[in-house]
Amino acid sequence: MYDYRMLIDGARVVGEDGHFDVINPATEVAFAQCTSCSLDQLDQAVNAAQAAFKGWQHSTHAYRRECLQLIADDIERDADGLARLIVAEQGKPLALAFSEVMGGVAWTRYAADLDIPVELVEDTLAHRIELHRKPLGVVASITPWNWPFMIAIWHIMPALRAGNCVISKPSSLTPLSTLRLVEIIARHVPRGVINIVTGERGLGGAISSHSGIHKIVFTGSTATGQRVMQAAAGNLKRLTLELGGNDAAIVLPGTPVETVAEDIFQAAFLNMGQTCAALKRLYVHESQYQAFADALVEIAGRQVIGDGLEADVNFGPVQNRDQLELVAELVDDARAQGGQVLCGGARLDRPGFFYPPTIVTGISDGHRLVDEEQFGPVLPLIAYRDEEDALRRANASEMGLGGSVWGLDPEQAQAFASRLESGVAWVNCHAQIQPNTPFGGSKMSGFGVEFGLEGLLECTGQQLLYVRKRETV
Ligand code: NAD
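Worth saying up front: this structure is predicted, and the values here are computed from it rather than measured.

Reading the values: the criteria
Note that residues are indexed from 1 along each chain, following the sequence as it is written. Only residues with pLDDT of at least 70 are given local features in this predicted model, and only at 80 or more are side-chain atom pairs given and counted; all residues enter the totals for whole chains, interfaces and linings. Water and hydrogen atoms were dropped before computing side-chain values, which therefore reflect all heavy atoms in the structure. By definition, two strands form a pair when at least two bridges between them are found by DSSP. Only DSSP runs of H or I reaching four residues or more are called helices, and only runs of E reaching two or more are called strands; each is numbered from the N terminus. Fitted lines through C-alpha atoms serve as axes, helices being fitted only where they are in contact, and the angles separating the N-to-C directions of these axes extend from 0 to 180 degrees. Contacts between residues were defined by any pair of non-hydrogen atoms, one from each residue, lying within 4.5 Å. Put simply, a residue is near a molecule or strand once any heavy atom of it comes within 4 Å of that molecule or strand. Identification of polar contacts relies on pairs of N or O atoms within 3.5 Å, with a donor-acceptor requirement for protein atoms, meaning one able to donate a hydrogen and the other able to accept it, and with residues adjacent in sequence counted only if both atoms are side-chain atoms. Values of accessible area rely on a 1.4 Å probe in the Shrake-Rupley scheme; residue burial ignores everything except the protein chains shown. Between buried and exposed lies partly exposed: a residue is buried under 20% and exposed over 50% of the maximum accessible area for its type, with that area taken using a 1.4 Å probe on protein chains only. Only buried Ala, Val, Leu, Ile, Met, Phe, Trp, Tyr and Cys residues count toward a nonpolar core, and they belong to the same one when joined by side-chain atoms within 4.5 Å. Per the annotation, domain bounds derive from an automatic or database assignment of domains. The quantity reported as buried area is the accessible area (1.4 Å probe) lost by two parts once they are put together, taken as the sum for both. Only residues whose relative accessible area exceeds 30% and that form no salt bridge are eligible for patches; like-charged ones are grouped when within 9 Å, while nonpolar side chains (Val, Leu, Ile, Met, Phe, Trp, Tyr) are grouped when within 5 Å. What counts as a salt bridge is simple: a side-chain nitrogen of Lys or Arg found within 4 Å of a carboxyl oxygen of Asp or Glu. We treat Lys and Arg as the positive residues and Asp and Glu as the negative residues; His and chain ends play no part in the count. Here the site of a charge means NZ on Lys, CZ on Arg, CG on Asp, or CD on Glu. The labels follow the angle: roughly parallel below 35 degrees, roughly antiparallel above 145, roughly perpendicular from 65 to 115, and oblique for the rest. Less than a right angle of anticlockwise turn of the near helix away from the far helix marks a crossing as left-handed, whereas a clockwise turn marks it as right-handed. Residues are grouped as follows: nonpolar covers Ala, Val, Leu, Ile, Met, Phe, Trp, Tyr, Cys and Pro; charged covers Asp, Glu, Lys and Arg; every other residue, Gly included, is treated as polar.

### Some details on the sheet that holds strand β16 (residues 358-361)
Sheet strands associate in pairs through backbone hydrogen bonding, adopting either a parallel or an antiparallel arrangement.
Line of reasoning, step 1. Strands sit in the order β15-β16-β17-β14-β13-β19-β20 across an open sheet of 7 strands; the sheet is mixed. Pairing within the sheet leaves two strands with one partner each, and these edge strands are β15 (340-343) and β20 (424-427). Looking at each pair of strands side by side, their axes are set apart by 25° on average, direction ignored.
Line of reasoning, step 2. Taken together, the 3 bridges between β16 and strand β17 (residues 378-384) define a ladder with parallel strand orientation. Note that in β17 the partner of T358 across the bridge is V378.
Line of reasoning, step 3. The strands touched by helix α14 (residues 410-417) within the sheet are β19 (402-406) and β20, with β20 carrying the most contacts at an inclination of about 165°.

The structure is reproduced here in structure tokens:
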């Protein structure tokens, strides 16, 4: 079994706290081992990053741009191998894993090309005032298991571009593609600028409370995000928290079923539903409720379920046993409360964490499957009579990541969408993200944004430079 090592201060090192297995979700077989970082080794990584920061923070923009472009070139060259590694650890079908890698390339190149502006606030005879942006120091990246490679890129590349040094901590369920990514990055930046530590319980908490770390970019569940925020208070770490979501979509009456059903299905079941901004609650007018249910069941029936490396498979397993059990529990609860499970609804009788695409009708707000984030391959359909009521119910969630409104009349749909209480509101689409559009949640879905110039600036602190002019002294 290949032993994956950490990277601290440019050296590949074995963790001092033992090993843990990485399991292929399509087979349930452990196929790799990682080592667990000790607290001393975490200190070494932080010290290395702090030492490297002394030089890296003063490197030129042109140099850092060049580093990121070379990293992107190498990722692109290794795209097939990286995609296969993502399938093995995460479970998604190969084509989707390949798009995760190529998305990572696009995000890296975008971060490379961004300018970090100096804002001229005022220039008068008496003084000149400029707002400068400076790197923060050591940034830690803590990532989840659903899009392990791409989310690591989202965290790491803007941090490096802005002149910070980074400590990456991937999910212990999916550490391998991030380890490979860090190996690539390390070829192109000075020693200590990038470090990666792996481990299971406790390591994330130790990072969150470490006094040598200045910012944490965290993507994961709301509950863990709250723990990170508490632990980070000691030295007032800057935080970007991308947390859970329970995105609602409202289909306005008269929306042609055949035109939107496929897009709605894909938005709900993207990555087997394990996507933060996937569509997780579908509100449909009662006049079209059955028609939408029928169309979605038909599409679900066309999915080819299996190991993501097999040809033609477009629907993989759930990533881990705990998540599989949560999905099964929520569907069983809906069934027990009188919901109708129109397709799927039970784990497949074969090795691997396979749960087929599942459509549930006959439930409403107040049922766990509607109120909680399922983060898996099941979509509840909720009937409504009055659009205002649907909007009120969509907004009743404590989450506020994304939301969408679908309709024939774009102006009406946009007017409704702008009243969603969410960080992103989509019209006639859902879960659309791209490198140049700031993305982030509201309410309990977190704060701060990634992507775009706004995302890059979150990796910086401000310094106001106030220059009194000589002739006035
Ligand atoms: P999780 O919160 O269980 O784990 C996320 C990361 O935090 C992992 O690396 C984990 O090891 C680490 N961690 C665990 N305990 C910690 C602690 N006390 N302190 C610091 N770090 C700790 O989340 P998950 O199960 O890996 O991911 C699923 C969740 O992530 C879902 O809720 C999903 O909606 C959310 N998510 C959000 C976004 C977004 O952009 N908003 C994107 C992807 C996933």
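### Notes on the site of the ligand
Line of reasoning, step 1. Of all residues adjacent to the ligand, which total 28 residues, the nearest are T143, S221, T224, L243 and E373.
Line of reasoning, step 2. In this structure, T224 approaches the ligand through a side-chain N or O atom, which is 2.8 Å from an oxygen atom.
Line of reasoning, step 3. Protein burial of the ligand: of its 850 Å² of free accessible surface, 85% is covered by the chains.
Line of reasoning, step 4. Only α7 (203-209), β11 (215-219) and α8 (222-231) provide two or more residues apiece to the shell around the ligand.

### What to know about the side chain of S177
Line of reasoning, step 1. As for its position among the elements, S177 is in helix α6 (residues 176-186).
Line of reasoning, step 2. Taking relative accessible area as the criterion, S177 reaches 0% and is therefore assigned buried.
Line of reasoning, step 3. At 2.6 Å, the side chain of S177 and the side chain of E89 are in polar contact.
Line of reasoning, step 4. Apart from the residues lying within four places of it in its own chain, the contact partners of S177 are L82, L85, I86, E89, P148 and F149.

### What to know about the nonpolar core
Line of reasoning, step 1. Counting 87 residues, the largest nonpolar core has I75, M157, L181, I185, V197, I207 and I216 as the members making the most contacts within it.
Line of reasoning, step 2. It is helix α5 (residues 148-161) that provides the largest number of residues to this core, a total of 10 residues.
Line of reasoning, step 3. Shared between two domains, this core holds at least three residues of each, these being domain 1 (2-243 + 445-464) and domain 2 (247-427).
Line of reasoning, step 4. Ignoring sequence-local partners within four residues, the contact set of V197 consists of M6, I8, C37, L42, A45, I167, S168, K169, P170, L203 and I207.

### Brief notes about the domain arrangement of the chain
Line of reasoning, step 1. Here the chain is described as being made up of domain 1 (2-243 + 445-464) and domain 2 (247-427).
Line of reasoning, step 2. When each unit is reduced to the centre of its C-alpha atoms, the spacing between domain 1 and domain 2 is 31 Å.
Line of reasoning, step 3. Each partner contributes residues to the interface: domain 1 has 21 residues there, and domain 2 has 28 residues.
Line of reasoning, step 4. For the pair domain 1 and domain 2, the summed buried surface comes to about 2000 Å²; carbon and sulfur atoms form 59% of the total.
Line of reasoning, step 5. In terms of surface lost to domain 2, no three residues of domain 1 exceed E28, W145 and S445, which account for 28% of the buried area on that side.

### Considerations on the pairing of β17
Two faces belong to every sheet, and in a regular strand the side chains alternate between them.
Line of reasoning, step 1. Counting buried positions along β17 gives 6 out of 7 residues, so the element sits mostly inside the fold.
Line of reasoning, step 2. Judged from the 4 bridges that link them, strand β14 (residues 279-285) and β17 form a sheet pairing that is parallel. The residue bridging H285 from the neighbouring strand is Y384, located in β17.

### Examining unusual backbone geometry
Line of reasoning, step 1. Here the phi dihedral of D9 falls at roughly 55°; this positive angle occurs in a residue that is not glycine.
Line of reasoning, step 2. Relative to the elements of secondary structure, D9 occurs in the loop between β2 (6-8) and β3 (11-13).
Line of reasoning, step 3. The phi dihedral of N271 is positive, around 60°, even though this residue is not glycine.
Line of reasoning, step 4. With respect to the secondary-structure elements, N271 resides in the loop between α9 (257-269) and β14.

### Brief notes about a negative patch on the surface
Line of reasoning, step 1. Judged by side-chain charge, E16, D17, D40 and D43 come together as a negatively charged surface patch.
Line of reasoning, step 2. You can see D17 is positioned in the loop between β3 and β4 (19-24).
Line of reasoning, step 3. Taking the relative accessible area as the measure of exposure, D17 reaches 51% and is therefore exposed.

### Overview of the packing of helix α2 (residues 61-77) against α6
Line of reasoning, step 1. Two elements in contact, α2 and α6, have axes whose closest approach is 9 Å; the angle formed by their N-to-C orientations is 135°. Here α2 is positioned oblique relative to α6, judged by the angle of their axes. The hand of the α2/α6 crossing is right-handed. Contacts between α2 and α6 involve I71, D74 and I75 from the first element and L181, I184 and I185 from the second.
Line of reasoning, step 2. For the contact of α2 with α6, the class distribution of residues is 5 nonpolar, no polar and 1 charged.

### Quick word on the packing of α2 against helix α4 (residues 94-113)
Line of reasoning, step 1. Between α2 and α4, the shortest axis-to-axis distance is 8 Å and the interhelical angle comes to 170°. Relative to α4, the element α2 is oriented roughly antiparallel. On α4, the residues that touch R65, L68, Q69, A72, D73, I75 and E76 of α2 are V101, M102, V105, T108, R109, A111, A112 and D113.
Line of reasoning, step 2. When grouped by side-chain class, the residues that make up the contact of α2 with α4 number 8 nonpolar, 2 polar and 5 charged.

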